Amino acid sequence: MASFVDDEFQSANIFIPEEWSDAADSVAYDSNTSPPPVAFVCGPKNSGKTTFSRVLVNVLLQRYKKVAYLDTDVGQTEFTPPGLLSLTTIDKITSDLSIPCLKTPERCFFFGDISSKRDPKTYLAYIFALYDYYRRTYLLSNGGSPGNAGVPLVINTTGWVKGIGYDILVDIIKYISPTHVVKICISSVSKNLPAGAFWLDDDNSDVPTVIEVNSARRDSFNRSVLVQKDARLLRDLRVMAYFRQCFPSDMKITTIKELSRALAAHPPYEIPISSIKIKHLHCEVPKNEVLYSLNATIVGLAVDSENFPDCMGLGIVRAIDTLKHVLYVLTPVPKSSLQKVDLLLQGFVEIPTCLLQVQGCISPYMSADVLPSA
Ligand SMILES: Nc1ncnc2c1ncn2[C@@H]1O[C@H](COP(=O)(O)OP(=O)(O)OP(=O)(O)O)[C@@H](O)[C@H]1O
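The rules behind each value
Residues numbered from 1 in each chain as written. Predicted model: local features only at pLDDT ≥ 70, side-chain atom pairs only at ≥ 80, totals over all residues. Heavy atoms only, no water. Helix = DSSP H or I, 4+ residues; strand = E, 2+ residues; numbered from the N terminus. Buried < 20%, exposed > 50% of the residue type's maximum accessible area, 1.4 Å probe, protein only. Contact = heavy atoms within 4.5 Å. Areas by Shrake-Rupley, 256 points an atom, 1.4 Å probe, with all protein chains shown as cover. Pairing = 2+ DSSP bridges. Axes fitted to C-alpha atoms, helices over the stretch in contact; angles between N-to-C directions. Core = buried A, V, L, I, M, F, W, Y, C linked by side-chain atoms within 4.5 Å. Domains from an automatic or database assignment.

Enquirer: Now, about the overall build of the protein chain: what can you tell me, with residues and values included?
Expert: The number of helices and strands found in the protein chain is nine helices and 13 strands. Across the 374 residues in the protein chain, those meeting the buried criterion constitute 50%. Across the protein chain, every contact between residues at least 6 apart in sequence was considered, and the portion connecting residues at least 24 apart equals 71%. A total accessible area of about 18,100 Å² is found for the protein chain, and carbon and sulfur atoms account for 52% of it.

Here it is, written out as structure tokens:
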């Protein structure tokens, strides 16, 4: 099969084997344009799901104007800071396949944790709601509006493929019923997902195209060479890149120290406590401790609704003035979106420790009653 993966997609340190390009080509080109493909990418930890998904998005963008991306990997997010589940549309080819980049999602929910372990039910409910949104907007009635017709979907998943993680994965595939399932396999066979259409328990069900590919790098004994990631460091970097957006891109902030200082000096938004609801997502906090628990934390800035609260982005609760009854919040969320926020969601997404421990800089987040002089 002719490969549609151009050399330009081969980023310096990323190797795209032929079977990966063939797999991406068959998702993009084997089907009719209508309905567009819905591709589910799965496999064990570090097998290359995210990297393959980036390749697939690029290949799809050669045939379709826009591609939707459902990010279910809440700990290693692609376009958002960690803790968010999101649907993002992409209309530009990525030249660097080795790094994620921040994008504003079209729809997103604050799950508030880096794994689905603590609350699989809510995790699934959010993913189903994001998929329903995609279906309503891009699949039903020819995409609603002409520009929305023919938007394929790529679903990237977590590497938790055993035990409850496996059950969660099966629930997602069954709900979405993708047109293609791309399974990435590693040489340690016991860690892989079962062969074939493993999620089907009924022989009569429609079977989508199942494509099995190997992880990209193998040694001379044909064993997978898996690159271990420092997941915590990567999460911290995503959080810092996100809050870096509080400042103009031409402002010189290249080090953690510079970012920490810039955030400390940045005038925060003032949010009257009476104008918002506060919700702790994964624990209960006694009423009189609520404000203490919020100070110096990352919160989801959400809009309350009958269904699930839409998340506009994240904020750092910089300080709380209990006499004036206001919260001081730092966030890159634009003012127009911020005006809709009426719910603060607190989970377990933490301010990176390195941001709080910059030498020669007493962290304002740790001290009481501190506000910037700017
Ligand atoms: N084709 C490839 N060429 C070079 N490096 C690769 C390739 N595929 C994956 N890697 C490297 O292996 C590591 C894991 O890849 P990736 O993040 O894509 O895996 P994943 O399956 O999405 O991981 P997780 O299970 O943590 O979500 C990364 O450092 C990535 O750069």
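Once the structure has been displayed, the description carries forward.
Enquirer: Describe the sheet that holds strand β12 (residues 326–330), listing the residues and the values that go with them.
Expert: Spatially, β8-β12-β11-β10-β13-β9 is the arrangement adopted by the six strands of the open sheet, whose pairing is mixed. Two strands bound the open sheet, and with one partner strand each, they are β8 (269–272) and β9 (277–280). Strand-to-strand twist of the sheet, defined as the mean angle between neighbouring strand axes without regard to direction, takes the value 40°. In this sheet, strand β13 (residues 343–346) lies alongside β9 in parallel orientation, the contact comprising four bridges.

Enquirer: Hey, could you go over the environment of Ile 127 for me, with residue numbers and the actual values?
Expert: Position of Ile 127 among the secondary structure elements: in helix α3 (residues 120–139). Sequence-wise, Ile 127 and Leu 87 are 40 residues apart; in three dimensions their C-alpha atoms are separated by 9.1 Å. Not counting residues within four places of it along the chain, the set of residues in contact with Ile 127 comprises Leu 70, Thr 72, Leu 85 and Ile 172.

Enquirer: Please set out unusual backbone geometry residue by residue, giving values where relevant.
Expert: We note that Ser 177 has phi near 50°; this positive angle belongs to a residue other than glycine. Within the secondary structure, Ser 177 sits in the loop between α4 (164–176) and β6 (180–185). Assessed through its relative accessible area of 55%, Ser 177 is described here as exposed. A positive phi angle is found at His 325, which is not glycine, with a value near 60°. Structurally, His 325 can be placed in the loop between β11 (310–321) and β12.

Enquirer: Let's hear about the sheet that holds strand β3 (residues 84–90): which residues, and what values?
Expert: Ordered in space as β4-β3-β2-β5-β1-β6-β7, the seven strands form an open sheet in which the pairing is mixed. Of all the strands in the sheet, the pair left with one neighbour each is β4 (107–110) and β7 (209–214). On average, each strand axis in the sheet is tilted by 15° relative to the strand beside it, whichever way the strands run. In this sheet, strand β5 (residues 153–156) lies alongside strand β1 (residues 38–42) in parallel orientation, the contact comprising four bridges. Pairing of Val 41 across the sheet is with Asn 156, part of β5. Against the sheet, helix α2 (residues 49–60) engages β1, β2 (67–71), β3, β5 and β6, with an angle of about 175° to β5. Lying over the sheet, α4 contacts β1, β2, β5 and β6, oriented at roughly 170° with respect to β1.

Enquirer: How would you explain the nonpolar core if you had to name every residue and give the values?
Expert: Counting 39 residues, the largest nonpolar core has Phe 243, Leu 263, Ile 298, Leu 301, Leu 327 and Leu 344 as the members making the most contacts within it. If you tally residues by element for this core, the top one is β11, at five residues. The two domains that each donate at least three residues to this core are domain 1 (7–214) and domain 2 (260–366). Counting residues in each nonpolar core, the second largest holds 35 residues, with Phe 111, Tyr 123, Phe 128 and Tyr 134 among its members.

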